[in-house]
Amino acid sequence: MEWIIESAVLATAIGFLMARQGSRYLWTAVAGIAMAYWSIMHTPPAWGLLTGWVLFLAIAALLTLPALRLALVTRHILALYRKIMPGMSHTERAALEAGTVWWEAELFTGQPDWHRMLGFPAPELSTEEQAFVDGPTNELCNMIKDWEITEELRDLNGETWDFLKKNGFFGMIIPKKYGGLEFSANAHSAVVMKVGSRSISAGVTVMVPNSLGPAKLLLSYGTEEQKNYYLPRLARGEEVPCFALTGPEAGSDAAAMPDKGIVCRHDFEGKKDVLGIRLDWEKRYITLGPVATLLGLAFHLYDPDRLIGQTEDIGITLALIPTDTPGVEIGSRHFPMEQSFMNGPNRGKDVFIPMDWIIGGQEYVGQGWRMLMDSLSDGRAISLPALGTASGKLVSRAVGAYSGVRKQFKIPIGKFEGISEVLARIAGSTYIMNAARGFTTAAIDSGEDPSVASAIVKYHLTERMRQVINDGMDILGGRGISMGPNNFLGRAYEALPIGITVEGANILTRNLIIFGQGAVRCHPFLFREMESASAGDVAAFDDALFGHGSLVMGNVSRGLFHGLTRGRLLEAPQHGIRGHYYRQFSRMSLAFAVTAEAALLSLGGGLKRKESISGRLGDVLSYLYLGSAVLKHHYDNGSPDDELPLLEWTCMDLLYNIQLRLHEVLNNLPNRFVATVTRLLTFPLGKPYRRPPDELGHTLADILLSPGRLRDRLTEGVYIPIDKTEAVAQLDDALEKSAAAEPATRKLRAAMKAGTLPHGDPEDAVEAGVTAGVITQQEAGDIHSAIAARKIVIQVDEFLPEYLTKEQKKWGSNNLDGVAGRFM
Ligand SMILES: Cc1cc2nc3c(=O)[nH]c(=O)nc-3n(C[C@H](O)[C@H](O)[C@H](O)COP(=O)(O)OP(=O)(O)OC[C@H]3O[C@@H](n4cnc5c(N)ncnc54)[C@H](O)[C@@H]3O)c2cc1C
């Protein structure tokens, strides 16, 4: 009996310490009390008593007396650490240190503070920004004809270029005092999303001047003179900017660029012996390059004659070069996947520029890589995620409508389980993308510059874009494949690899950056350990190392405890099913923290080369981030019940994928002992998560298959043409008419079942239904207009053969020769 009480007390104490993550002092005190109790109540033999107390006191002293630990233990660990940790180059360090850490860091600790997250501001548009989205942005979209851009002109038309420049689309990030729009990140994202849903070519044209480029770099580093001269010109569209980093030899590894600048003296614009730089470069893939008037250039600077200091190899430097400068060769074009935004190579041979063309002036020589890394993340977090979300919304709305009206085997195809499964994935992904987009832009608007989060949204939203567009194309079948002005998805499909490749190609971003940078920046102690080790600071190293040790012990014990109790005792800021998901994401955050430690511990610096493992850990961190975004989005929306199926489906899907990836990490960890122990600690009762059930998937699909408030909310911000002859508008119209006809169709079906009408397709029984008094004339009219609307949207474009072989293509009402659009 006595041992049962003792065990219960001990288990309760340990359980409490595990759940609350007691400090090492508390653990030591509890262990001391247990030792004393054992010594007094159980009178062990003298040798046992002595050994027990010596061991306990030694461990307790090391845990609680830092000076002793420093001298006896930490010094030796530091020496070993310095030997095994890989070195870090300047460029790696700049990339790792760029930006801030935000919510990703909470997820790394294993203890996300959900109350803190719910306190983050929600993404919002000011009245002025909303007016711009509803006004000039809509006007721009009305003006754009993507077929004209991509097939006939291979460029935006002159009117569109003028409209973009005059209305400030190129100056969204430029402050008002320089004549820009000074928009929030959320507004910037909303504009790119709407334009991108209309035309990828126009979307890219709008997003590039507002991402990493001359304006962004000038705002952060420009001299007053540079800002005062260039920013107003950029805001007014008098200058078209581009930024040239990539070249034939330097793609993902852009820091390896061979483009070279030599500090020298030269006569310039009538002045003698001006101090400046002689440049040679070869760049490619540069967006807006062919039409740019202002070229932002990255190059490696050398000073062999020591004209500006004592160093020859100065490092990567950034300059602004007017494209009419002698020696600059610019203008020819690449042709990226049938898209018609401007993109091309540029070169320079013996181009002389004065020192004050360096962004920030001479004092910024050699700072280029750090400037680029620091300026990269917010652009990366805005433009491409907006484009990805635009695709999700467009596919949800238009392909959902098509699935609701396109019939095969006399049934709308969306009602087949196979299509329903795909529609559920589309709706779920769109909900996730929109949530992650707003979560991240709101962070930027509140002053964060979250570098890991920006890599997460860049990677995952462009991958989801790929998935939803592919899914959409599968559903559309031939309607998606036949190109022409009425194909609303084909060009986006062709453009998919662009988003995947630019601003950090996706394989690299997933496998190297998300976890690699995440581990170093977001881990509460790893960076401090690395910093103190490289500085040889034993006290700081001890602090970080033992803090790290406490965190690991705490997470291990909490992970096991909450694994055994299935997360039921974790705290959550909401109740019911919503609370359940907060708890499960907390539990998986713990499992992630423990597994990441296991990988770091067993692989050390070798983890850098184990990209398959770090890629999967990056996926887990990303799914935790996306799950947080979804919970926050739902909360910000007022936790409406009609959204619950979307919330549940997305949370279940993300949790299932977290579980999958964590097991894949553990299956592939070379140290099998560590893997087995970690699996026991993180999933002590097996795998708790399942894929979302089919029924829930059908509920999601149904959201897209009929008009409704939730469908409108899910697809809000995507452009719906006001021209009712356009495909996306026609699909909306067809879906509404189909919904309006549904009650009458149901009556016909019921009459067939009851034997009043012969069995068959209700659409063939409309007149008979009227004659038999089953439906009214008005209801028959509803069915007829639904049929007529459907017949329009299932058509595809046709061309006379001459059109496809003609050199000068023209699609328009006054020049239809060679073109036979069925429903023009
Ligand atoms: C349409 C378009 C517009 C662009 N606009 C601009 C612009 O305006 N300015 C500019 O400077 N650049 C621009 N770029 C360049 C773009 O940033 C690069 O294409 C990109 O950095 C990748 O370089 P790369 O194409 O040479 O591929 P590579 O670097 O050759 O990469 C090939 C593959 O290897 C993978 N990879 C590379 N290293 C690793 C690694 N360590 N681990 C795992 N995988 C790895 C990549 O993920 C990729 O899948 C643009 C590119 C395109 C296509």
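Because the structure is a prediction, the values reported are computed rather than measured.

Asks: Please explain the pattern of salt bridges as it appears in this structure.
Replies: A pair can form between side chains of opposite charge whenever their charged atoms are brought close. Inspection of every chain in the model, using the stated rule, returns 44 salt bridges. For E97, the salt bridge identified is with R93, shortest N-O distance 3.0 Å. Separated by 4 residues within a single helix, E97 and R93 lie in helix α5 (residues 90–97), roughly one turn from each other. One salt bridge in this structure joins D642 and R713, with 2.9 Å as the shortest N-O distance. Of this pair, D642 sits in the loop between α24 (611–636) and α25 (644–668) while R713 sits in helix α28 (residues 709–714), and the two are 71 residues apart along the sequence.

Asks: Explain a nonpolar patch on the surface here, please?
Replies: On the surface, a cluster of nonpolar side chains totalling about 330 Å² of accessible area is made up of Y37, I40 and M41. Relative to the elements of secondary structure, I40 occurs in helix α2 (residues 24–42). For I40, a relative accessible area of 63% corresponds to the exposed category.

Asks: Explain the pairing of strand β2 (residues 260–268) here, please?
Replies: For a regular strand, side-chain orientation follows a simple rule: the groups alternate between the two sheet faces. Bridge count between β2 and strand β3 (residues 271–287): 8 bridges; the pairing is antiparallel. Along β3, the bridge assignment pairs F268 with K271. The loop that links β2 with its antiparallel partner β3 comprises 2 residues; one of these, E269, has a positive phi angle of about 45 degrees. Looking at chain direction, β2 and strand β4 (residues 294–302) are connected through 3 bridges and run parallel. Paired with G261 across the two strands is L301, which belongs to β4.

Asks: I tried to follow the environment of G576 on my own but got confused; where do I start?
Replies: Note that G576 resides in helix α23 (residues 576–603). Classification of G576 by relative accessible area gives exposed; the value is 55%. Considered as a pair, G576 and H90 are 486 residues apart in the sequence and their alpha carbons are 50 Å apart.

Asks: Can you help me understand helix α8 (residues 127–143) in this one?
Replies: Because the α-helix completes a turn every 3.6 residues, residues three or four places apart line up on one side. With 17 residues, α8 extends 24 Å between its outermost C-alpha atoms, agreeing within 8% with the 24 Å of an ideal straight helix rising 1.5 Å per residue. At T137, α8 shows its maximal bend, which comes to roughly 30 degrees. Among the residues of α8, E129, F132, V133, P136, T137, L140, C141 and M143 are the ones counted as buried. On its buried face, α8 sits against α10 (158–166), α11 (185–198) and α12 (200–207).

Asks: What is the right way to read the packing of aromatic side chains from this model?
Replies: What describes a pair of aromatic rings is the distance from one ring centre to the other and the angle between the planes of the rings. Throughout the structure, instances matching the rule amount to 23 aromatic pairs. A cation sits over an aromatic face here: R69 above F546, 4.2 Å from the ring centre.

Asks: Looking at this structure, I do not really get the site of the ligand. What am I missing?
Replies: Among the 19 residues in the neighbourhood of the ligand, the closest are listed as F243, L245, T246, S252 and Y285. Between the ligand and L508, the relevant distance is 3.2 Å, taken from an oxygen atom to a main-chain nitrogen or oxygen of the residue. Isolated, the ligand exposes 980 Å² of accessible area, and the fraction of that covered by the protein chains is 67%. Taken together, the elements giving at least two residues each to the shell around the ligand come down to β1 (241–244), β3, α19 (490–501) and α20 (506–522). Residue composition of the shell around the ligand, by class: 12 nonpolar, 6 polar and 1 charged.

Asks: It is not clear to me how a positive patch on the surface should be interpreted in this structure. Could you clarify?
Replies: A grouping of R566, R568, K687 and R690 is seen on the molecular surface, where their side chains present a positively charged patch. Counting through the fold element by element, R690 comes out in the loop between α26 (672–682) and α27 (694–705). Residue R690 is classed as exposed on the basis of its relative accessible area of 56%.

Asks: Looking at this structure, I do not really get the environment of E503. What am I missing?
Replies: Residue position: E503 is located in the loop between α19 and α20. Spatially, the C-alpha atoms of E503 and L384 are 8.6 Å apart, while their sequence positions differ by 119 residues. Setting aside its immediate chain neighbours within four residues, E503 contacts S211, G379, R380, L384 and K458.

Asks: What's the story with the side chain of S383 in this structure? I'm lost.
Replies: Tracing the backbone shows S383 in helix α15 (residues 368–405). S383 has contacts with H188, V192, M207 and S211, leaving out every residue within four places of it along the chain.

Asks: What is the right way to look at helix α4 (residues 66–84) in this model?
Replies: The axis of α4 is deflected most strongly, by about 45 degrees, at V73. Residues R69, T74, L78 and Y81 constitute the buried set of α4. Among the structural elements, α2, α3 (46–64), α21 (526–535) and α22 (538–564) are those in contact with the buried residues of α4.

Asks: Before we go on, may I ask you to explain empty space enclosed by the protein in this structure?
Replies: Under the definition given, this model contains 1 cavity of 30 Å³ or more. Roughly 40 Å³ of internal volume is contained in the largest cavity. Looking at the lining of the largest cavity, the elements that each hand over two or more residues are α11 and α15. No other element matches α15, which puts 3 residues into the lining of the largest cavity.

Asks: Whenever I open this one, the pairing of β3 confuses me. Can you help?
Replies: Looking at chain direction, β3 and strand β7 (residues 343–354) are connected through 9 bridges and run antiparallel. Looking at β7, one finds that W281 is bridged to G348.

Asks: What is the right way to look at unusual backbone geometry in this model?
Replies: Glycine aside, negative phi is the norm for most residues, and most peptide bonds take the trans geometry. Here the phi dihedral of E503 falls at roughly 50 degrees; this positive angle occurs in a residue that is not glycine. E503 sits in the partly exposed class, given a relative accessible area of 24%. Non-glycine residue R566 carries a positive phi angle of around 55 degrees. Turning to its location among the elements, R566 is positioned in the loop between α22 and α23.

Conventions adopted
Residues numbered from 1 in each chain as written. Predicted model: local features only at pLDDT ≥ 70, side-chain atom pairs only at ≥ 80, totals over all residues. Heavy atoms only, no water. Salt bridge = Lys/Arg side-chain N within 4 Å of Asp/Glu carboxyl O. Helix = DSSP H or I, 4+ residues; strand = E, 2+ residues; numbered from the N terminus. Patch = residues over 30% accessible without salt bridge, like charges linked within 9 Å, V, L, I, M, F, W, Y side chains within 5 Å. Areas by Shrake-Rupley, 256 points an atom, 1.4 Å probe, with all protein chains shown as cover. Buried < 20%, exposed > 50% of the residue type's maximum accessible area, 1.4 Å probe, protein only. Pairing = 2+ DSSP bridges. Expected span 1.5 Å × (residues − 1). Bend = angle between axes of the 7 residues up to and from the residue. Contact = heavy atoms within 4.5 Å. Phe/Tyr/Trp six-rings, centres within 6.5 Å; stacked < 30°, edge-to-face > 60°. Lys NZ or Arg CZ within 6 Å of the ring centre and 35° of its normal. Near = heavy atom within 4 Å. Polar contact = N/O pair within 3.5 Å; in protein donor to acceptor, adjacent residues only side chain to side chain. Nonpolar A, V, L, I, M, F, W, Y, C, P; charged D, E, K, R; others polar. Lys, Arg positive; Asp, Glu negative; His and termini not counted. Charge placed at Lys NZ, Arg CZ, Asp CG, Glu CD. 1 Å grid on protein atoms, 1.4 Å probe; cavity = no way out; pocket = protein on both sides within 12 Å on 5 of 7 lines; lining within 4 Å. Points joined across faces, edges and corners; volume = space filled by probe spheres on them.

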